[in-house]
Amino acid sequence: MNQLSDRLNRLSPSATLAMSQKSSELKAQGVDVINLSVGEPDFNTPDHIKEAAKKAVDDNFSRYSPVPGYPALRNAIVAKLKNENGLDYTATQISCANGAKQSVCNTIMALVNSGDEVIVPAPYWVSYPEMVKLADGTPVIVAAGIEQDFKITPAQLETAITPKTKAIILCSPSNPTGSVYSKEELAGLATVLAKHPQVYVIADEIYEHINYIGKHESIAQFPEIHDRVIIVNGVSKAYAMTGWRIGFIAGPEWLVKAVNKLQGQYTSGPCSVSQKAAEAAYTGTQAPVEEMRKAFERRRDLIVKLAKEIPGFEVNNPQGAFYLFPKCDSFFGKAAGDRQINNSDDLAMYLLEVGHVACVGGASFGAPECIRMSYATSDENIVEAMRRIKEALAELK
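A short tour of the structure in this document, coming up. (Residues numbered from 1 in each chain as written. Predicted model: local features only at pLDDT ≥ 70, side-chain atom pairs only at ≥ 80, totals over all residues. Heavy atoms only, no water.)

### Thoughts on the nonpolar core
Here is step 1 of the chain: Of all hydrophobic cores here, the largest spans 82 residues; its most connected members are Ile 108, Phe 313, Leu 347, Leu 351, Met 386, Ile 389 and Leu 393.
Here is step 2 of the chain: Tallying contributions element by element places helix 11 (residues 287-308) first for this core, with seven residues.
Here is step 3 of the chain: Here this core spans two domains, since at least three of its residues come from each of domain 1 (6-44 + 288-395) and domain 2 (47-285).
Here is step 4 of the chain: Residues within four places of Met 386 in sequence aside, it is in contact with Ile 303, Leu 306, Ala 307, Ile 310 and Met 373.
Here is step 5 of the chain: Grouped together as the second largest cluster of nonpolar side chains are 49 residues, Ala 56, Leu 73, Ile 168 and Val 235 included. (Core = buried A, V, L, I, M, F, W, Y, C linked by side-chain atoms within 4.5 Å. Buried < 20%, exposed > 50% of the residue type's maximum accessible area, 1.4 Å probe, protein only. Helix = DSSP H or I, 4+ residues; strand = E, 2+ residues; numbered from the N terminus. Domains from an automatic or database assignment. Contact = heavy atoms within 4.5 Å.)

This is the structure:
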């Protein structure tokens, strides 16, 4: 008998985690699968960060931490926001969590009431709409296709806002598209938001340091909406620390206090040792961050070049993160033997089982005409994966 809560029954499973699991299962059976479904750097955490964690163990950082994180970490984040982004915050405006994912969810749960609308530009990260549903809110999807580089316009935003709108979730650089909003584009959105004081901005900036345009721009820089922006960030992508599980929010103090109240009732403070490692990430040398960024940029150039050589793919040039999101609907309706391709999920499964390359169909990202590939893997894997994809797609007639 199914006695699960309605809240849980409303949620969809994570498509990215499901594909990654399917890939792992095939690998365990001895199949040589190249995994382009995983959204995490393939680099190891830099040595000075690991050393800080070892020292934290020796120094007995083994007890409960304050719910919002150690003051030293929050002050390091304050300094990072000032030095890198030109933004002024205090430690009381910072709350650390078990990854940026929890930080996003904390913010939504603290802000959204039943019936509130949250604008989610599509393509979106798979969890955004599900988190809104978890809070009994209504996701309002605003689509931006490849022809506009997957970025919404001020006019689209204005049209989507209603008296029920509580927030917009903006991700730049974007998962799944790699698109990056320029300062001018963000200014246009800020001008619209300034006219609607009831609307908050959840700015997911977790891919901040993986950008290929020289400088990250935060929507929090615009004074007319600064007090309504909640920045979400963390150490997972920039410092190759996905498993350490440290994220944070920076925002108005009243909201941070609310998030602390919420987090205090269901997870408390994040891992003590991970916090000391994250502190070292923010206060130590940033050279490894730039080395990884350069590697991702080289891989971006490689995968874009190879994808453009595949007949039927429509490809843009991502300016950040480590994803390619080609439009692939030209293959819908085609078949190889008894395999019929009706949508991007079918195509992703075909590429996994026939081409032995794991990608993720775009439907779960709000863009069913596309497919997501992560190039957070070696150059050799990228070359071989694209060869396999090109060969498998050529069989579809």
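### A look at unusual backbone geometry
With glycine set apart, most residues show a phi of negative sign, and most peptide bonds adopt trans.
Here is step 1 of the chain: Residue Ala 122 is joined to Pro 123 through a cis peptide bond whose omega torsion reads 10°.
Here is step 2 of the chain: One can find Pro 123 in the loop between strand 3 (117-122) and helix 6 (127-134).
Here is step 3 of the chain: Of note, the bond from Ser 172 into Pro 173 is cis; its omega dihedral lies within 30 degrees of zero at -10°.
Here is step 4 of the chain: For Pro 173, the position within the fold is in the loop between strand 5 (165-171) and helix 8 (183-194).
Here is step 5 of the chain: Unusually for a residue other than glycine, Asn 60 sits at a positive phi of about 65°.
Here is step 6 of the chain: For Asn 60, the location among the structural elements is in the loop between helix 3 (47-58) and helix 4 (71-85).

### Some details on the pairing of strand 4 (residues 138-143)
Remark: a regular strand shows side chains that alternate across the two faces of the sheet.
Here is step 1 of the chain: The pairing of strand 3 with strand 4 spans six bridges and is parallel. Paired with Ala 122 across the two strands is Ala 143, which belongs to strand 4.
Here is step 2 of the chain: In the classification by handedness, the crossover that spans strand 3, the intervening helix 6 and the parallel strand 4 is right-handed. (Pairing = 2+ DSSP bridges. Right-handed = clockwise from strand over helix to strand, strands pointing away.)

### Some words on the packing of helix 12 (residues 344-353) against helix 13 (residues 379-394)
Here is step 1 of the chain: Direction vectors running N to C along helix 12 and helix 13 enclose 115°, while the axes themselves pass 10 Å from each other. Classified by the angle between their axes, helix 12 and helix 13 sit roughly perpendicular to one another. Every pair of crossing elements has a handedness; the one defined by helix 12 and helix 13 is right-handed. Along its contact with helix 12, which presents Leu 347, Tyr 350 and Leu 351, the element helix 13 presents Ile 389, Ala 392 and Leu 393. (Axes fitted to C-alpha atoms, helices over the stretch in contact; angles between N-to-C directions. Parallel < 35°, antiparallel > 145°, perpendicular 65-115°, else oblique. Left-handed = near helix turned anticlockwise from the far one by under 90°.)

### Some words on the state of the cysteines
Here is step 1 of the chain: Scanning the model with the defined rule gives zero disulfides in all.
Here is step 2 of the chain: For Cys 359, which is in no disulfide, the shortest distance to another cysteine sulfur is to Cys 328 and amounts to 9.3 Å. (Disulfide = S-S within 2.5 Å.)

### Quick look at the pattern of salt bridges
Here is step 1 of the chain: Overall, the coordinates contain 28 salt bridges when judged by the stated rule.
Here is step 2 of the chain: Here Glu 279 and Lys 276 are joined by a salt bridge, their closest N and O atoms 2.8 Å apart. Here Glu 279 pairs with Lys 276, and both are found in helix 10 (residues 272-283), just three residues apart, close to one helical turn.
Here is step 3 of the chain: Asp 301 is the partner of Arg 300 in a salt bridge, and the nearest nitrogen-oxygen pair spans 2.8 Å. (Salt bridge = Lys/Arg side-chain N within 4 Å of Asp/Glu carboxyl O.)

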